Amino acid sequence: MKIETYIDSLVSYAMNQHLAEPEDHQVLVNRLLMILGKDDYVPSDEVQTEDLEEILKGLLDYACEKGLCEDNVTARDLFDTRIMGALTPMPREVIRTFREKYAKSPEKATDWYYRFSCDTDYIRRYRIAKDMRWKYSGKFGELDITINLSKPEKDPKAIAAAKNAPQSGYPKCQLCPENEGYAGRMNHPARENHRIIPITVAGQPWCLQYSPYVYYNEHCIVFNSQHIPMKIDRSAFRKLLDFVTAFPHYFVGSNADLPIVGGSILSHEHFQGGHYTFAMEKAAGEAELSFAGYRDVTASIVKWPMSVIRLNGDNPERIADLADKILTVWRGYSDPAVGIIAYSDGEPHNTITPIARRRGEKYELDLVLRCNITTQEHPLGVFHPHADKHHIKKENIGLIEVMGLAVLPSRLKKELTDLAEAVADGRDIRQDEVLSKHADWVDNLRKQYTFTRENAMDIILQETGKVFSEVLEDAGVYKCDAEGRRHFMMFVDEVNRR
């Protein structure tokens, strides 16, 4: 296919997705010619393609052939984002459309904005489609298990280029508003096709965008317009509840504000939300609680592997007040008998992962108790995936996992496939450099199942889900047994004594 055909196809794509109007045609063609270093152009008579991935691949291959772009995944991502940035409307147009639709309904606004973020290729739909997703039904309901493949793994050339790239303090992080329209570099993603929606949260200027990797439906990020660190306090609870006032069809939550139990970006205050119902939201209360002075707020312990107090009521201020009281007590609470230590050498260990949503007209706030204490036995964290599960999940348990969605490393796509073949063939994997990490797990599975080529992969996937369920139990500060619940109630009693 001629380069002109790819150019024409992309301009037609922009028109069809309402990123541009017919009057914009010539300007878009000339922008693309400039990016591609072409001085001549004759419209193509070839049949156009509507497949965006195919169009961009054709343009990228041409750019690499002409020496305009290095042929590695990072450089290609930078270049095709530049191409899509040439088609993306200016922020003022995007904000105006969002606000017009929001005036009709918040859901219409987010529906439009999410599709827009996909159409500009900020969210790469063709990569999201490659993610592995399945369900695991266990004692805590139906958990979501994913192997995320939409975030491309850098090849050695790209890694070397990123290492050698000049360091820059602009933008300060990948969440800062300065990313909007940024060209990127080998060690920072391009965002020329990225548009941010300014919103107000608890009277402060905040921003709304979507995650480019979309771990679940309409996975959004809500972030402070200023580069200030994460902090869980009463104002954080109030901000979460204020957001679900403005967007009642979305949930929103925050990672904790301490390492190990927190997210990957602690330097910039942000929340994550979206239009999705997680297993934790579906989980019922298993024990009703009563907090003195808060009869207008219903409370319960949730039947969930993590340790969750659920608050529900009509008044978000009252819910925030009670949540703050619980947090304040938890920050200083120790129970050495179950491994909970509030401070060691002056370092704090206790915090909360909060999640807010609406239940009809009522407000609901889940408070997940977290503790990042480490020991010699568990150097990565007592309430962190234990070593016997690191072959599946070693990374931190953040907000998304807390709610019941496993984000597993991309290495597992090949490893689990190879593992299923090995167990079906009866091979010893202990001598396999890659698969040997799974050997103890597989030995135990062989005692439970008779593996065949027909059932091996299904069993491996389901047992992977079971490991994730057990990981969540590891991360729970109070275990789901009589002794664990007794200690949980000791903490509730301590809140009531304050």
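So, here is what we can say about the structure in this document.

1. With respect to the overall build of the chain
No. 1: Helix and strand content of the chain: 16 helices and 15 strands.
No. 2: For a compact globule of 498 residues, the expected C-alpha radius of gyration is about 23 Å, and the chain comes in at 25 Å, within 12% of that figure.
No. 3: Expressed along its principal axes, the backbone C-alpha trace of the chain runs to roughly 80 × 60 × 40 Å.
No. 4: In the chain, 64% of the contacts between residues at least 6 apart in sequence involve partners at least 24 apart.
No. 5: Roughly 22,200 Å² of accessible area belongs to the chain as shown, and the carbon and sulfur atoms make up 50% of that amount.

2. Some words on the pairing of strand 7 (residues 270-274)
No. 1: Most of strand 7 is tucked away, with 5 of its 5 residues classed as buried.
No. 2: Side chains of strand 7 alternate between two faces, with H270, Q272 and G274 and F271 and G273 buried alike.
No. 3: Where strand 5 (residues 220-224) and strand 7 come together, 4 bridges link them in antiparallel fashion. Bridge assignment links I221 to a residue of strand 7, and that residue is Q272.
No. 4: Bridge analysis of strand 6 (residues 251-253) against strand 7 gives 3 bridges, and the strand direction is antiparallel. In the sheet register, F251 faces strand 7, and the bridge partner there is G274.

3. Considering helix 5 (residues 91-104)
No. 1: Taking 1.5 Å per residue as the helical rise, helix 5 with its 14 residues ought to reach 20 Å, and the 20 Å between its terminal C-alpha atoms agrees with that figure.
No. 2: Listing the buried residues of helix 5 in full gives V94, I95 and F98. All buried residues of helix 5 fall inside an arc of 95 degrees around its axis, so they share one side. Residues of helix 5 that are exposed and point more than 90 degrees away from the buried face comprise R92, A103 and K104.
No. 3: If you follow the buried residues of helix 5, they end up packed against helix 6 (106-119), strand 3 (197-201) and strand 4 (204-210).

4. Section: unusual backbone geometry
No. 1: Residue Y170 is joined to P171 through a cis peptide bond whose omega torsion reads -20 degrees.
No. 2: Of note in the backbone geometry, I260 takes a positive phi value of approximately 75 degrees without being a glycine.
No. 3: Residue placement: I260 occurs in the loop between strand 6 and strand 7.
No. 4: In this structure, D345 is a non-glycine residue whose phi angle is positive, near 55 degrees.
No. 5: Among the secondary structure elements, D345 is positioned in the loop between strand 11 (343-344) and strand 12 (347-348).

5. Here we look at the nonpolar core
No. 1: L10, L208, V222, F291, L311, I326 and F491 are the most contacted members of the largest nonpolar core, which totals 99 residues.
No. 2: Among all residues touching L208, those that are not within four sequence positions of it are F98, Y113, I196, I197, I199, C220, I221, V222, F223, F243 and F247.
No. 3: Counting 52 residues, the second largest nonpolar core, distinct from the first, contains Y215, V308, I429 and I459.

6. A look at the sheet that holds strand 10 (residues 308-313)
No. 1: Judged by pairing direction, the sheet is antiparallel, and its 10 strands sit side by side in the order 3-4-5-7-6-13-14-10-9-8 without closing on themselves. Pairing within the sheet leaves two strands with one partner each, and these edge strands are strand 3 and strand 8 (285-289). Pairs of neighbouring strands in the sheet enclose a mean axial angle of 25 degrees, with direction left out of account.
No. 2: Helix 9 (residues 234-246) contacts strand 3, strand 4, strand 5, strand 6, strand 7, strand 13 (350-359) and strand 14 (362-371) of the sheet and is inclined by roughly 20 degrees relative to strand 13.

7. Here we look at the layout of surface pockets
No. 1: Taken as a whole, the second largest pocket encloses approximately 550 Å³ of empty space.
No. 2: Lining the second largest pocket are 24 residues, with H18, L19, A20, P89 and E93 positioned closest to its centre.
No. 3: Put simply, the parts of the chain that give the lining of the second largest pocket at least two residues each are helix 2 (25-35), helix 5 and helix 6.

Rules behind the numbers
Residues numbered from 1 in each chain as written. Predicted model: local features only at pLDDT ≥ 70, side-chain atom pairs only at ≥ 80, totals over all residues. Heavy atoms only, no water. Helix = DSSP H or I, 4+ residues; strand = E, 2+ residues; numbered from the N terminus. Rg over C-alpha atoms; globule rule 2.2 N^0.38 Å. Contact = heavy atoms within 4.5 Å. Areas by Shrake-Rupley, 256 points an atom, 1.4 Å probe, with all protein chains shown as cover. Buried < 20%, exposed > 50% of the residue type's maximum accessible area, 1.4 Å probe, protein only. Pairing = 2+ DSSP bridges. Expected span 1.5 Å × (residues − 1). Arc of directions from axis to C-beta. Core = buried A, V, L, I, M, F, W, Y, C linked by side-chain atoms within 4.5 Å. Axes fitted to C-alpha atoms, helices over the stretch in contact; angles between N-to-C directions. 1 Å grid on protein atoms, 1.4 Å probe; cavity = no way out; pocket = protein on both sides within 12 Å on 5 of 7 lines; lining within 4 Å. Points joined across faces, edges and corners; volume = space filled by probe spheres on them.

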